[in-house]
Amino acid sequence: MTNFTPAAALDAADPLALFRREFHIPPGPDGQPCAYFCGNSLGLMPVAARAAVEQEFVDWQRLGVEGHFHGTSPWLHYHEALAEPTARLVGARPLEVVVMNNLTVNLHLLMVSFYRPTASRFVILMEGGAFPSDQYALESQARLHGLAPAAAIVELLPRPGEHTLRTADILARIAELGDTLAVVLLGGVNYYTGQAFDMAAITAAGHAAGATVGFDLAHAAGNLELHLHDWNVDFACWCSYKYLNSGPGGTSGVFVHERHAHRPELLRLAGWWGHDPSDRFEMKKGFRPMPGAAGWQLSNAQIFPMAIHRASLAIIDRAGGMAALRRKSEALTARLEAHLRGLGLPATALEIITPPDPAQRGCQLSVLVPERGRELFDHLAAQGVLADWREPNVIRLAPVPLYNSFADVDRAGAAVRSFFNE
Ligand SMILES: *Cc1c(COP(=O)(O)O)cnc(C)c1O
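In this numbering scheme, every chain counts its residues from 1 along its sequence in written order. Local features are withheld for residues below a pLDDT of 70 in this predicted model, meaning they are given only at 70 or higher, and side-chain atom pairs are given and counted only at 80 or more; totals for whole chains, interfaces and linings count all residues. The basis for the side-chain values is all heavy atoms of the structure; hydrogens and waters are excluded.

Digging into the sheet that holds strand β14 (residues 388–390)
Neighbouring strands of a sheet are bound in pairs by backbone hydrogen bonds; such pairs are parallel or else antiparallel.
Working step 1: Note on pairing: DSSP must find at least two bridges between two strands before they are called paired. Working definition: helices are DSSP H or I runs of at least four residues, strands are E runs of at least two. Numbering for both runs from the N terminus. The strand order across the open sheet formed by four strands is β11-β12-β15-β14, and the pairing between neighbours is antiparallel. The open sheet has two edge strands, β11 (351–352) and β14, and neither has a second partner.
Working step 2: Across three bridges, the pairing between β14 and strand β15 (residues 394–397) is antiparallel. Each residue of the ladder has a partner; that of D388, found in β15, is R396.
Working step 3: The strands touched by helix α12 (residues 321–342) are β11, β12 (365–368) and β15; relative to β12, the strand with the most contacts, the crossing angle is about 15°. Two residues qualify as a contact provided that any one of their heavy atoms is within 4.5 Å of a heavy atom in the partner residue. Only the stretch in contact is used when a helix axis is fitted, and all axes are lines through C-alpha atoms; the angle between N-to-C directions ranges over 0 to 180 degrees.

Dropping the structure here:
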């Protein structure tokens, strides 16, 4: 560790260091705060979450149904308060985003509108080994149109001997599928490898082929700087409980590009909360969607998860937004990578499968440990380093800029070192 700037110096100079105090950090085996590297799976609880929910309890207790109109943040308009911070988060206009439901539900709602296969153009292009919920969702979307998943879904696979996809290969595949390609649906960051995709280039290539392009941003929202509007992405959705720290099963975000905002004819599954609010309560026949992403809402807002989400998004704004988070994130991940590479282990013992190029990853490093993976994972846990285990042999470590410190990263590095030196 001789070439490393001491972690204490980096933490002292870190403009985000104080945000660590705004989160509850679970204790490790020694009762002291653990080094939490699972923010990619479940982000930590903001201290502000409890008061945010408590406020809604108070309003409900005090006002009953009148909370819709006279609550501190009237429930009738609750989702509107989330539009601005959500738009900042993903590089969108407020009209282009809405918060509602859960991620897989939203993926289905968007696919219903944006996957309209014809006899000649019916292919969905996705990552091989995508998160299982996405695989199941897209298989069932194909079946919904009477198509066999094996015929409709084309998967992108790394070249033999490689772990991640090359952008050039993705773009070539899109061009090759050409006018058979209906939808490209990739993760913004692959959950397993941690690879971040070039969403701008993929979107441009998809459009050049005449296809629609969407992203599942479960591992990208709150992790990468996103510019969904400028990148021309057609649609996207993400969950809020990973890098957005909004609690287990928390609500989900949706993006629909402005160019689809005023297309009421676009097929969709409808519900009253997506209906024009000017006569929503007249309870009349004939659905007229609100413009923008809000027109995909079905149900009245889930106030309790949204209250947590609102408090969480406010923390990101106070921290200076994604640009500030990303600066620290790159430094944390680079340091973790340097610790692991510094061990000088052969790939048969430990291999980082996440791309080394910072532009092709978020904060997460996925570490392939072919022989003793589970043993290493348990060793880390015993040292108070909480990582994430993925069968059959991958450990994922996600240092998160809002609450992880450079000292946390050094703890992880030292714990891995002590395992291999034992
Ligand atoms: C976490 C994650 C999910 C989880 O879906 P839910 O509907 O929130 O349970 C889905 N897809 C991806 C890519 C994920 O990373």
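A word on the domain arrangement of the protein
Working step 1: Throughout, the edges of the domains are those of an automatic or database domain assignment. Taken domain by domain, the protein holds domain 1 (7–33 + 322–420) and domain 2 (53–317).
Working step 2: When each unit is reduced to the centre of its C-alpha atoms, the spacing between domain 1 and domain 2 is 29 Å.
Working step 3: Joining two parts hides part of their accessible area as seen by a 1.4 Å probe, and the buried area is that hidden amount summed over both. Summed over both partners, the interface of domain 1 with domain 2 comes to about 2,000 Å²; 58% of that surface belongs to carbon and sulfur atoms.
Working step 4: Of all residues in domain 1, M322, I353 and Q360 bury the most surface against domain 2, accounting for 28% of the area lost on that side.
Working step 5: Counting of polar contacts relies on pairs of N or O atoms within 3.5 Å, with two restrictions inside protein: one atom must be capable of donating a hydrogen and the other of accepting it, and residues adjacent in sequence are counted only when both atoms are side-chain atoms. The interface formed by domain 1 and domain 2 includes eight residue pairs in polar contact (both at pLDDT 80 or more).
Working step 6: Among the secondary structure elements, those contributing two or more residues to the side of domain 1 that touches domain 2 are α12, β12 and β15.
Working step 7: Looking at the side of domain 1 that touches domain 2 element by element, the count peaks at four residues for α12.
Working step 8: Note on residue categories: nonpolar means Ala, Val, Leu, Ile, Met, Phe, Trp, Tyr, Cys or Pro, charged means Asp, Glu, Lys or Arg, and polar means any other residue, Gly included. Within the side of domain 1 that touches domain 2, the residues separate by chemical class into 16 nonpolar, six polar and seven charged.

A word on the site of the ligand
Working step 1: The immediate surroundings of the ligand are formed by L103, T104, F131, D134, D216, A218, H219, Y241 and K242.
Working step 2: One of the side-chain N or O atoms of H219 is found 3.2 Å from an oxygen atom in the ligand.
Working step 3: The contact in question runs from an oxygen atom of the ligand to an N or O atom on the side chain of K242, over 2.5 Å.
Working step 4: Values of accessible area rely on a 1.4 Å probe in the Shrake-Rupley scheme; residue burial ignores everything except the protein chains shown. Calculation on the ligand without its partners gives an accessible area of 390 Å², and the protein chains cover 82% of this total.
Working step 5: Split into classes, the residues belonging to the shell around the ligand amount to four nonpolar, two polar and three charged. Here a residue is considered near a molecule or strand provided that any single heavy atom belonging to it is located within 4 Å of it.

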